[in-house]
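Inside the fold
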Amino acid sequence: MCGIIAYAGNKPAANVVLEGLKKLEYRGYDSWGIVALADKAENAERPFYVIKRVGKIGGINWDYVSEAIRGESHVAVGHTRWSTHGGVTEQNAHPHLDCSGKIAVVHNGIVDNHQEIRAGLGSHRFLSQTDTEVIPHLIEELMSKEELDFIAAVRKAASTLKGRSAFVAINSETRQMAAARKGTPLIIGLHENSNEEFFIASDVTAFLDYTNKVMYIDDNEMAVVDGGGIAFSSLTSGNELKKRVVEIHWHVGSAEKDGYDHFLIKEVMEQKHTIAAAINQDDAKILAVANDVKSAFGTFFVGCGTAGKTCMVAEYLFSKISGKHINSVVASEFSNYQHYLTPKTLMIAVSQSGETADVLEAIDVAKSKNVRVVSLLNVFGSTMMRASDDFFMVNAGAERAVVSTKATTAQIAVLTLLAYATAGKLQEGKLLLMNAASAVNDMLNPRYEERIKKLALQLVDKKDVFIIGRGLNYPIALEAAIKLQETCYTHAQGFAGGELKHGPLALIEDGTACIAIVANDETKQDMISNAAEVKARGGYIIGIAPENNEVFDYWLKVPDVGNASPIVNIIPVQILAYHIAVLRGINPDYPRNLAKVCTTK
Ligand code: M6R
């Protein structure tokens with residue numbers, strides 16, 4: 001979703017910001033903008049240079065930006081916008097300015113009470129339909145009507161906003177940059193031993209090329225950068241706050257496609273190594289969390305989208321491997337379970353980004369009931385990491401495609417390990433997963449991809465695809481549907497194999513494509529029968545299974561890896577969705593309407 005990168009220092013600021021915006025592209029956006037504060041303004045009435053564009057940054061480079069900036073600038077802020085309020089237009093792109101043109105603001109999140117604020121700013125001239133635009137006008141209003149200085153006005157404006165958000169405001173007269181956080185992340189980067197160069201970003205990837213020294217702005221806090229350095233304070237009391245400098249040792253992963261056409265297929269192929277990296281966990285930590293699960297009175301695995309499906313896989317894994325009942329809950333629904341929560345409950349929050357608003361809200365609900373929260377994450381230093389009592393990483397490396405692939409299988413691997421640890425069989429689990437990791441390594445070869453490409457050619461004109469699975473692979477059928485929906489815009493639906501006859505079977509016609517995920521486990525025979533029921537009604541059966549079967553019209557072989565089957569079974573669908581997207585001329589890295597990091601509810 002929206003991304004922010006701000007810079008103040010001795011480098012050409014707009015250039016640093018442009019490069020930072022390119023690093024934030026993976027979050028998903030539909031328009032972008034940069035505001036640079038001119039070192040020497042052409043005239044006092046025009047202190048900012050502003051660029052706003054609809055669409056992707058693409059090949060835009062420094063020459064283009066410097067032409068727009070025209071003069072030198074050492075303070076600039078950039079923004080990628082994922083529209084919530086107001087269409088995708090240049091006017092709605094950030095930054096937004098106040099009436100005087102002296103205060104510029106970029107913003108992430110949603111101002112829930114923007115209509116009310118706008119109504120109170122009757123005399124101000126609004127140029128966009130966004131919720132964000134109320135912020136610069138409110139700051140202006142507070143400075144003029146209440147005679148507050150810029151910092152006090154930013155503090156009061158931020159305190160007035162309802163909902164989860166964060167913004168950065170620049171005042172051209174005082175040459176100050178203020179950042180306020182209320183529920184959406186903002187991180188400060190500091191250059192080596194320097195008090196003269198600062199970055200402010202919604203995630204560290206925007207500035208990790210320059211520095212790994214960071215300071216976190218926490219909720220209801222603000223930071224001000226000016227000629228005197230940086231100062232932190234509370235949004236509520238105004239009291240000054242001391243902050244620690246933290247060094248981030250996190251390998252973001254290559255920002256390049258390494259010869260692949262898209263990040264998505266590169267990340268799919270990286271699964272040759274990421275499963276092994278995921279299970280490379282500290283035994284003591286896995287055992288400690290396993291003990292948490294054993295001693296908890298109620299455990300909830302909580303996530304959204306694909307992470308929600310890996311939580312569902314965990315529910316089956318814990319039942320099958322450790323005989324332990326755990327609950328998987330979609331994060332946006334978690335508050336409905338709050339009546340069951342006690343200090344003995346355990347929450348395991350699963351998230352690639354660690355920034356998903358729905359999961360953060362669920363954590364807030366859990367915390368309000370004194371529930372212990374352990375997170376399973378891929379992005380180090382994320383908000384969820386710091387909001388949890390404990391965390392562990394899935395070590396998949398940066399995932400840049402919006403569509404989650406390698407983080408998904410890494411999550412399933414760690415959750416499988418945890419289920420085995422809970423059963424007192426950690427070593428057995430490790431062996432199983434090491435075998436699965438090496439099987440994935442063998443499976444991801446060019447011949448395998450070719451076979452899936454052939455299937456993609458057959459499916460390219462199909463509007464609907466159904467996917468069925470049972471047991472551990474029922475959630476994988478649901479996940480497979482997400483992959484096809486978001487990557488190649490196929491109408492795909494996943495079902496438990498036994499559910500078709502209760503309704504969806506009516507949708508099967510001659511040639512309807514149905515993917516049957518048939519694991520070599522206790523669900524196999526029933527799955528074959530369910531596939532046969534579809535075939536008998538004209539369905540075209542694509543079997544994902546270790547062994548071929550006469551019911552399959554097209555067979556995608558997967559290795560037989562026992563209880564690690566969810567890991568290997570999703571991979572062919574990831575590749576299939578990718579190739580259908582390419583055949584349809586869809587950019588699989590940036591699906592329409594979606595964002596990598598969902599920071600709004
Ligand atoms: O960063 P998170 O894992 O919390 O993200 C959760 C979902 O938004 C994410 O899995 C989404 O469903 C992806 N587009 C799936 O590929």
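Residues numbered from 1 in each chain as written. Predicted model: local features only at pLDDT ≥ 70, side-chain atom pairs only at ≥ 80, totals over all residues. Heavy atoms only, no water.

Attention shifts here to the domain arrangement of the protein chain. Once the domains are mapped, the protein chain shows domain 1 (3–246), domain 2 (262–443) and domain 3 (445–593). Computed over C-alpha atoms, the centres of domain 1 and domain 2 are 34 Å apart. Taken together, the contacts link eight residues of domain 1 with 11 residues of domain 2. Surface buried jointly by domain 1 and domain 2 totals about 950 Å² across both partners, of which 46% is contributed by carbon and sulfur atoms. A per-residue breakdown of the area domain 1 buries against domain 2 is headed by Tyr26, Arg164 and Tyr216, which together make up 56% of the total. Across the pair Arg164 and Asp364 runs a salt bridge whose closest N-O atoms are separated by 2.8 Å. (Domains from an automatic or database assignment. Contact = heavy atoms within 4.5 Å. Buried area = accessible area lost by both parts, 1.4 Å probe. Salt bridge = Lys/Arg side-chain N within 4 Å of Asp/Glu carboxyl O.)

Quick look at the pattern of salt bridges now. Tallying each qualifying case throughout the model produces 33 salt bridges. A salt bridge links Lys406 to Glu270; the shortest N-O distance between them is 2.6 Å. Residue Lys406 is located in helix α12 (residues 406–422), and its partner Glu270 is located in the loop between α6 (263–269) and α7 (271–278); the two are separated by 136 residues in the primary sequence. Judged by relative accessible area, Lys406 falls into the buried class, the value being 3%. (Helix = DSSP H or I, 4+ residues; strand = E, 2+ residues; numbered from the N terminus. Buried < 20%, exposed > 50% of the residue type's maximum accessible area, 1.4 Å probe, protein only.)

It is worth spelling out the site of the ligand at this point. Lining the immediate surroundings of the ligand are 13 residues, of which Ser351, Gln352, Ser353, Thr356 and Glu486 lie closest. In this structure, an oxygen atom belonging to the ligand sits 2.6 Å away from a side-chain N or O atom of Ser351. Out of a free accessible area of 410 Å², the ligand has 90% covered by protein chains. The set of elements that each furnish at least two residues to the shell around the ligand consists of α9 (305–322) and α15 (474–488). Here the shell around the ligand gets three residues from one element, more than from any other, and that element is α9. The residue inventory of the shell around the ligand, partitioned by class, reads four nonpolar, seven polar and two charged. (Near = heavy atom within 4 Å. Polar contact = N/O pair within 3.5 Å; in protein donor to acceptor, adjacent residues only side chain to side chain. Areas by Shrake-Rupley, 256 points an atom, 1.4 Å probe, with all protein chains shown as cover. Nonpolar A, V, L, I, M, F, W, Y, C, P; charged D, E, K, R; others polar.)

Take the sheet that holds strand β16 (residues 299–303) next. Two orientations exist for strands paired in a sheet by backbone hydrogen bonds: parallel and antiparallel. Read from one edge of the open sheet, five strands run β17-β16-β18-β19-β20, paired in parallel fashion. Two strands bound the open sheet, and with one partner strand each, they are β17 (327–330) and β20 (390–393). Strand-to-strand, the axes of this sheet are offset by a mean angle of 20°, without reference to chain direction. Pairing of strand β18 (residues 346–351) with strand β19 (residues 372–377), which is carried by six bridges, proceeds in the parallel orientation. Its bridge partner lying in β19, Leu346 is registered against Arg372. (Pairing = 2+ DSSP bridges. Axes fitted to C-alpha atoms, helices over the stretch in contact; angles between N-to-C directions.)

For the structure on display, the rule yields 10 aromatic pairs. Seen in terms of ring centroids, Phe300 and Phe334 are 5.5 Å apart; in terms of plane orientation they differ by 80°. Their pairing is edge-to-face. Placement of the pair is Phe300 in strand β16 and Phe334 in the loop between β17 and β18, with a sequence separation of 34 residues. Judged by its relative accessible area of 5%, Phe300 falls in the buried class. One Lys or Arg, Lys56, reaches over the ring of Tyr29 and ends 4.3 Å from the middle of that ring. (Phe/Tyr/Trp six-rings, centres within 6.5 Å; stacked < 30°, edge-to-face > 60°. Lys NZ or Arg CZ within 6 Å of the ring centre and 35° of its normal.)

Read across the sheet, seven strands follow the order β5-β6-β7-β8-β12-β13-β14 without closing on themselves; strand pairing throughout is antiparallel. Taken across any chain shown, the strands that pair with only one partner, and hence form the sheet edges, are β5 (96–97) and β14 (240–241). As judged from the five bridges shared by strand β8 (residues 176–182) and strand β12 (residues 221–226), these two strands associate in the antiparallel manner. Counterpart to Ala179 in the pairing with β12 is Ala223. Packed onto the sheet, helix α4 (residues 134–145) meets β5, β6 (103–109) and β7 (165–171) and runs at close to 130° relative to β6.

The next subject is the pairing of β6. For β6, a buried count of seven out of seven residues is recorded, marking the element as mostly surrounded by other parts of the structure. The hairpin turn running from β5 into β6, its antiparallel successor, is five residues long, and Gly101 in that turn takes a positive phi close to 75°. Sheet topology places β6 next to β7; seven bridges connect them, and they run antiparallel. Looking at β7, one finds that Asn108 is bridged to Ala166.

Ranked by internal contacts, the top residues of the largest apolar core, which has 89 residues, are Phe301, Leu418, Ile467, Leu484, Ile515 and Ile542. Top element by residues in this core is helix α17 (residues 565–583). It accounts for 11 residues. Each of domain 2 (262–443) and domain 3 (445–593) accounts for three or more of the residues forming this core. Beyond its immediate stretch of four places on either side in the chain, Ile515 contacts Val465, Phe466, Ile467, Ile468, Leu484, Ile542, Ile544 and Leu576. (Core = buried A, V, L, I, M, F, W, Y, C linked by side-chain atoms within 4.5 Å.)

Let's shift gears to the state of the cysteines. Defined simply, a disulfide is a covalent bond joining two cysteines at their sulfur atoms. Taken as a whole, this structure holds zero disulfides when the rule is applied. We note that Cys311 lacks a disulfide partner, and the nearest cysteine sulfur, in Cys304, lies 8.9 Å from it. Distance from the sulfur of Cys514, which forms no disulfide, to the nearest cysteine sulfur (Cys488) is 16 Å. (Disulfide = S-S within 2.5 Å.)

Along the chain, the position of Ser31 falls in strand β2 (residues 31–38). On the accessibility criterion, Ser31 (0% relative accessible area) is buried. C-alpha separation for the pair Ser31 and His94, spaced 63 residues apart in sequence, amounts to 8.4 Å. Those residues in contact with Ser31 that lie beyond four places of it in its chain are Arg53, Val54, Gly55, His79, Thr80, Arg81, Val88 and Ala93. Polar side-chain contacts of Ser31 include one of 3.1 Å to the side chain of Asp30.

Following His94, the chain continues into Pro95 via a peptide bond in cis, with omega recorded as 15°. By secondary structure assignment, the location of Pro95 is in the loop between β4 (73–81) and β5. Located in the positive-phi region is Glu147, a residue other than glycine, with phi close to 55°. With respect to the helices and strands, the residue Glu147 is situated in the loop between α4 and α5 (150–160).

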